[in-house]
Amino acid sequence: SGAIAAAIMALTADLTRDEQRTKAMASIGISIGLSFSVALATGAILEHWIGLSGIFWATGLLALLGIGILHLWVPSPKRLVTHTDLGPVPKQFGKVFGNKQIMRLVLSIMLLHLLLTTSFFALPHVLQDVAGLDKSQHAMAYLPVLLLAFVTMVPFIIIAEKKRKMKSVFISAIAVIGLAELGWAFFAHSLTTILICLWLFFTAFNILEASLPSMMSKLSPLENKGTAMGVYSSAQFIGAFIGGAMGGTLYGSFGLEGIFVASVVLVVIWLLLVFPMQAPKHYSSKIIHLNDTSMQNSAQFIQELRAIAGIKEAVVVPEEQVAYVKYSPDEINMDELESFASQH
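Below, the structure is looked at part by part.

Definitions and limits used
Sequence order as written defines the numbering, with residues in each chain counted from 1. Selection of residues for local features in this predicted model requires a pLDDT of at least 70, selection of side-chain atom pairs for listing and counting requires 80 or more, and totals for whole chains, interfaces and linings are taken over all residues. Derived side-chain values reflect all non-hydrogen atoms in the structure, with water molecules and hydrogen atoms excluded from consideration. Helix and strand assignments come from DSSP, with helices taken as H or I runs of at least 4 residues and strands as E runs of at least 2, each series counted from the N terminus. The size measure is the radius of gyration over C-alpha atoms, and the globule rule it meets is 2.2 Å times the number of residues to the 0.38 power. Burial here depends on accessible area, computed with a 1.4 Å probe over protein chains only, as a share of the maximum for the residue type. Under 20% is buried, over 50% is exposed, and the range in between is partly exposed. Here, residues are in contact when the closest pair of their heavy atoms is within 4.5 Å. Residue-level accessible areas treat just the shown protein chains as cover; the underlying method is Shrake-Rupley with a 1.4 Å probe. Note on aromatic contacts: the rings of Phe and Tyr and the six-membered ring of Trp form a pair at centre separations within 6.5 Å, being stacked when their planes are under 30 degrees apart, edge-to-face when over 60 apart, and tilted otherwise. Think of it as a cone above the ring: NZ of Lys or CZ of Arg counts as a charge over the ring if it is within 6 Å of the ring centre and within 35 degrees of the ring normal. Two strands are counted as paired when DSSP detects at least two bridges linking them. Interaxial angles span 0 to 180 degrees and are taken between N-to-C directions of axes, which are lines fitted to C-alpha atoms, for helices over the stretch in contact. Our arc is simply the arc of the directions from the helix axis toward the C-beta atoms. When a carboxyl oxygen of Asp or Glu lies within 4 Å of a side-chain nitrogen of Lys or Arg, that pair is called a salt bridge. For a crossing to be left-handed, the near helix must be turned anticlockwise from the far one by less than a right angle; the clockwise case is right-handed. Just so you know the grouping, Ala, Val, Leu, Ile, Met, Phe, Trp, Tyr, Cys and Pro go in nonpolar, Asp, Glu, Lys and Arg go in charged, and all remaining residues, Gly too, go in polar. Patches here: salt-bridge-free residues with over 30% relative accessible area, like charges joined within 9 Å, nonpolar side chains (Val, Leu, Ile, Met, Phe, Trp, Tyr) joined within 5 Å. To estimate how far a helix should extend, the number of its residues minus one is multiplied by 1.5 Å. Values of bend correspond, residue by residue, to the angle between axes fitted over the seven residues ending at that residue and the seven starting there. A 1.4 Å probe that fits but cannot get out identifies a cavity on a 1 Å grid over protein atoms alone, an open set with protein on both sides within 12 Å along at least five of seven lines counts as a pocket, and a residue lines either if it has an atom within 4 Å of a point. Grid points are joined across faces, edges and corners, and a volume is the space filled by probe spheres set on the points.

1. Some details on the overall build of the protein
- A tally of regular secondary structure across the protein gives 11 helices and 3 strands.
- Secondary structure elements of the protein occur, N-terminal to C-terminal, as α-α-α-α-α-α-α-α-β-α-α-β-β-α.
- At 22 Å, the protein has a C-alpha radius of gyration in line with the 20 Å of a compact globule built from 344 residues.
- Oriented by its inertia axes, the alpha-carbon framework of the protein measures out at about 70 × 45 × 35 Å.
- Scored against the burial criterion, the 344 residues of the protein give a buried share of 42%.
- Taking contacts inside the protein between residues at least 6 apart in sequence as the whole, the part at least 24 apart equals 78%.
- Just so you have it, the protein exposes about 17,700 Å², and 66% of that area is on carbon and sulfur atoms.

Shown next as structure tokens:
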């Protein structure tokens, strides 16, 4: 799954204009997070309708449907380019793994999906054994809560981005996941309590799923942004795998309560890891296509570019004949930057 996600991102980069790439990548990220939620909500009812083996048959049919969509509706790119801001570069792995800011976010996405799969290993048992809700009714419990959580998370994303409160919202969302796990561990004696904790969990999950890629983009240096995102994407799916295995192991040894208690412990460790992180600064990025003259005088180009007020980082990639630029939208004169770009 991680390999497919990386290939989709590379294909999307080849099919979209540079100016629209960030929006396209954000849409893909949202769809990945949403697919996890929808799958968890519909899995129980599918199992009731078509059985466990039927779910695997459905997965195979969906894969074939994906191939059909790719073949019939997704155009082949006219240009195939290695995008440094998206694709990993092997020699940069050392810098990425040595960057504490990046690795905190990599561990965050891994723990987020680990807790998702671990929790939803246990929740169907809780709903059935504790709340007395039949498997066929689980989807009816999940879906309204999912919709409510999606609505609830929107104002917090706006506060994080518009009010520059990214770190505060980020840490608060992690704490809310811990609160939900704590509720499931010790207070899941009624369906109402279970569903309130489910709402808290999915609200926080949606906030983190939406904000983590944005934070990665803001905190990653331009020269190894693609490598950092590759490590991030891999950690996302590794976390889901570990969470499933861990859920089964904990259930066998400690029961349902043990799964949630272990999840609370992981959230505490997670909070200790991310609390010292720097608050990400609000930067935007731009890609400038260079002519031959600017390429031959790339050092002078970079020097002149960095002289523009508001430019925080710039790097020329000769293989792509472009310059990647990170700037502060609050400080820069966009007309000056656009005029400079048009001359090169």
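2. Some details on the packing of aromatic side chains
- All told, the structure shown has 10 aromatic pairs when counted by the stated rule.
- In this structure an aromatic cluster arises from ring pairing among Phe-120, Tyr-142, Trp-184, Phe-201, Phe-202, Phe-205 and Phe-260.
- In this structure, Lys-167 packs its charged tip against the face of Phe-275, placed 5.6 Å from the ring centre.

3. Thoughts on the sheet that holds strand S1 (residues 284–289)
- The 3 strands lie next to each other as S1-S3-S2, forming an open sheet whose pairing is antiparallel. Bordering the open sheet on either side are S1 and strand S2 (311–317), each of which pairs with just one other strand. Neighbour-to-neighbour, the strand axes of the sheet open up by a mean angle of 20 degrees, direction not taken into account.
- As paired strands, S2 and strand S3 (residues 322–327) are joined by 6 bridges and run antiparallel to one another. Paired with Val-317 across the two strands is Val-322, which belongs to S3.
- Against the sheet, helix H11 (residues 334–342) makes contact with S1, S2 and S3, and its axis sits at roughly 25 degrees relative to S1, the strand it touches most.

4. Focus: helix H10 (residues 298–306)
- For H10, the set of buried residues is Phe-301, Ile-302 and Leu-305. Looking straight down H10, one finds that the buried residues subtend no more than 95 degrees of arc, so they occupy a single side. Away from its buried face, by an angle of more than 90 degrees, H10 presents the exposed residues Ala-299 and Gln-303.
- Residues of H10 that are buried sit in contact with S1, helix H9 (292–296), S2, S3 and H11.

5. Focus: the pattern of salt bridges
- In the structure shown here, the tally under the stated rule is 1 salt bridge.
- One salt bridge in this structure joins Glu-331 and Lys-312, with 3.1 Å as the shortest N-O distance. Of this pair, Glu-331 sits in the loop between S3 and H11 while Lys-312 sits in strand S2, placing them 19 residues apart in sequence.

6. Some points on the packing of helix H7 (residues 191–219) against helix H8 (residues 225–274)
- Their axes nearest at 11 Å, the elements H7 and H8 cross at an angle of 145 degrees. Judged by the twist between their axes, the crossing of H7 over H8 is right-handed. For the pair formed by H7 and H8, the contact residues are Leu-208, Glu-209, Leu-212, Pro-213, Met-216 and Ser-217 on the first element and Lys-225, Ala-228, Met-229, Tyr-232, Gln-236 and Trp-270 on the second.
- Considering only residue class, the contact of H7 with H8 consists of 8 nonpolar, 2 polar and 2 charged.

7. Observations concerning a nonpolar patch on the surface
- On the surface, Leu-107, Leu-179, Leu-182, Phe-186, Phe-187, Val-261, Val-265, Ile-269 and Leu-273 cluster together to form a nonpolar patch covering roughly 740 Å² of accessible area.
- Elements that contribute at least two residues to the nonpolar patch include exactly helix H6 (166–186) and H8.
- If one sorts the elements of the nonpolar patch by residue count, H8 sits on top with 4 residues.
- Structurally, Leu-179 can be placed in helix H6.

8. Quick look at H8
- Here H8 contains 50 residues, and its C-alpha end-to-end distance of 20 Å is more than 12% below the 74 Å for a straight helix at 1.5 Å per residue.
- Approximately 130 degrees is the largest bend angle found in H8, and it occurs at Phe-254.

9. Side note on the layout of surface pockets
- In this model, the largest pocket occupies a volume close to 2,100 Å³.
- Breaking the lining of the largest pocket down by element, the ones donating at least two residues are helix H1 (2–15), helix H2 (21–72), helix H4 (100–130), helix H5 (138–162) and H8.
- Considering every element that reaches the lining of the largest pocket, the biggest residue donor is H2, with 25 residues.
- Per-class residue counts for the lining of the largest pocket are 28 nonpolar, 13 polar and 2 charged.

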